[in-house]
Amino acid sequence: MRAGLSTIQQTLTPEAATVLNHSIAEAGRRNHGQTTPLHVAATLLSSPSGYLRQACIKSHPNSSHPLQCRALELCFSVALERLPTGAGANSGPGSHPDPPISNALMAALKRAQAHQRRGCPEQQQQPLLAVKVELEQLIISILDDPSVSRVMREASFSSPAVKATIEQSLNSPPPPQPPTGQFGQGFRVPVPTVTGNRNLYANPRLQGTAAGAGQSGRNEEAGRVVDILLRSRKRNPVLVGETEPELVVKEVLKRVLEGEDIGDEGLLRNLQVIHLEKEFLEKSLINSRIGELAGLVANRITSSGSGGAIVDLGDLKWLVEQQIGSDSGKTAVAEMGKLVAKFRQSGEKIWLIGTATCETYLRCQVYHPSMENDWDLQAVPIANRAPPTGMFPR
């Protein structure tokens, strides 16, 4: 596959090749069996100022609203989560083979090359490998893929409209060149690093043997959640995924209670953990009694002499499972926002942590668009883990 990939990369400009490489890496991190047009589209959307995102904004009358763009991101995230994963039988410790390019993505790459040759008459007489596919042509071909078009429709975007916007920009006078290192009008693919801040929307690499991959991945993601808790802003994590978030939260709270692997600053030591669902017993009571939480937290901190508290919100579906017309969810969001602001102003140490499926988190953003800012939240997507070797046949 590596030889085939090398040949494909020769037909792409450096910008387009970088997008493809990071798409393959993303498919590998998610333990997917193939690299598909969905991975490429998600990679292109990963930059707030990227070419595809800007084209989406220009093509949609309401897409300049952050909620609309976030809906598009989450729809692609859900689509990627639904792709089948590999069993990881051939992955040794620390190894992660590149998923091969799918037939659909190969077809898109061939379409891009054909479009590039037709658009540049001077290149039509050149050898095939001498024609370099530019990023814009790659995006147009990816938008032609049925799976990408379907996800775009789910987020109320139109692939033909976005394509028309890109094609119109190609016929316009060229804009000033961006600084070196940026791709496609500000597109910059975050380069994965072992240390330091990492792209929180990138699913972490599965490590270790198949038998230990789940725990190893949870340990890594728990460490990343701890890094978020140590921030000064957007320090309240919501773990978004289908099956793993609760296990990661359990690992994080275990570290906090035991005082292990929580940083050297001492900020997360001697904290109370308050489980919202346990305190209010029934989920149906959470919305109506959220105003009591400030007093509960203050009393718990005072009586225990602790240095602060972490409130475990549990699964956020309690915010959106009520009737849409009900005001209880909006009241809960407002009351929690007041609590966060109150403790922040007083200097008390309080954190929130919760979980949600992709669908639940998207609904939270639709019904409660101010929640992310008011609660000082940071979404942390959590990848599904591969099953242990032998659980399912290849």
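Right above here is the structure, for reference.
Since we're looking at a predicted model, the values are computed, not measured. (Residues numbered from 1 in each chain as written. Predicted model: local features only at pLDDT ≥ 70, side-chain atom pairs only at ≥ 80, totals over all residues. Heavy atoms only, no water.)

**Q** A description of the side chain of Lys163 should follow, citing residues and the corresponding values.
**A** For Lys163, the position within the fold is in helix H9 (residues 159-170). Given the relative accessible area of 18%, Lys163 is considered buried. Ignoring any residue separated from it by four or fewer positions in sequence, one finds Lys163 in contact with Ile140, Leu143 and Asp144. (Helix = DSSP H or I, 4+ residues; strand = E, 2+ residues; numbered from the N terminus. Buried < 20%, exposed > 50% of the residue type's maximum accessible area, 1.4 Å probe, protein only. Contact = heavy atoms within 4.5 Å.)

**Q** Describe in detail the nonpolar core, supporting the description with residues and values.
**A** Among the nonpolar cores identified, the biggest contains 42 residues, and Phe76 and Met152 are the most heavily contacted of them. Filtering out sequence-adjacent residues up to four positions away, Met152 remains in contact with Cys56, Leu72, Phe76, Leu143, Phe157, Ser159 and Val162. Residues Val238, Ala332, Leu352 and Trp375 belong to the second largest nonpolar core, which totals 36 residues. (Core = buried A, V, L, I, M, F, W, Y, C linked by side-chain atoms within 4.5 Å.)

**Q** Could you give me a rundown of empty space enclosed by the protein, with the residues and numbers involved?
**A** All told, the structure shown has two cavities of 30 Å³ or more when counted by the stated rule. Of the voids in this model, the second largest cavity is the one considered here, and its volume is about 70 Å³. As for the second largest cavity, its lining consists of Arg235, Asn236, Leu339, Val340, Arg344, Ile350, Trp351, Leu352 and Asp376. Going through the elements one at a time, helix H15 (328-346) and strand E4 (349-356) are the ones with two or more residues in the lining of the second largest cavity. Tallied by class, the residues present in the lining of the second largest cavity amount to five nonpolar, one polar and three charged. (1 Å grid on protein atoms, 1.4 Å probe; cavity = no way out; pocket = protein on both sides within 12 Å on 5 of 7 lines; lining within 4 Å. Points joined across faces, edges and corners; volume = space filled by probe spheres on them. Nonpolar A, V, L, I, M, F, W, Y, C, P; charged D, E, K, R; others polar.)

**Q** Give a description of unusual backbone geometry that names residues and reports values.
**A** One non-glycine residue, Asn31, lies in positive phi territory at about 60 degrees. Here Asn31 lies in the loop between helix H2 (14-29) and helix H3 (37-45). Phi is positive for Asp376, close to 60 degrees, though the residue is something other than glycine. Its place among the elements puts Asp376 in the loop between helix H17 (371-374) and strand E5 (377-381). Overall, the relative accessible area of 9% leaves Asp376 in the buried class.

**Q** I'd like to hear about H9, residue by residue, with values.
**A** For H9, which comprises 12 residues, the first-to-last C-alpha distance of 17 Å matches the rise-based estimate of 16 Å (1.5 Å per residue) to within 8%. Inspection of H9 places Ser159, Val162, Lys163, Thr165 and Ile166 among the buried residues, and these make up the whole buried set. What you see down the axis of H9 is that its buried residues fit within an arc of 155 degrees, all on one side. Seen from the buried face of H9, the exposed residues on the opposite side, beyond 90 degrees, are Pro160 and Gln168. (Expected span 1.5 Å × (residues − 1). Arc of directions from axis to C-beta.)

**Q** How would you sum up the sheet that holds E5? Please name residues and give values.
**A** The strand order E2-E3-E4-E1-E5 describes an open sheet built from five strands, whose pairing is parallel. Each having just a single partner strand, strand E2 (271-275) and E5 make up the two edges of the open sheet. Within the sheet, the average angular offset between the axes of one strand and its neighbour, ignoring direction, is 20 degrees. When strand E3 (residues 308-315) meets E4, the two strands line up parallel, connected through seven bridges. In the strand pairing of E4, Gly308 is matched with Lys349. Helix H14 (residues 293-304) rests against E2, E3 and E4 of the sheet, and its axis sits at about 145 degrees to E2. (Pairing = 2+ DSSP bridges. Axes fitted to C-alpha atoms, helices over the stretch in contact; angles between N-to-C directions.)

**Q** Any details on the pattern of salt bridges? Residues and values, ideally.
**A** A complete count under the given rule lists eight salt bridges for this structure. Residues Arg29 and Glu26 are paired through a salt bridge, measuring 3.2 Å at the closest nitrogen-oxygen approach. Residue Arg29 and its partner Glu26 are both found in helix H2; the two are separated by three residues, about one turn of the helix. An identical accessibility class is assigned to Arg29 and Glu26; each is buried. (Salt bridge = Lys/Arg side-chain N within 4 Å of Asp/Glu carboxyl O.)

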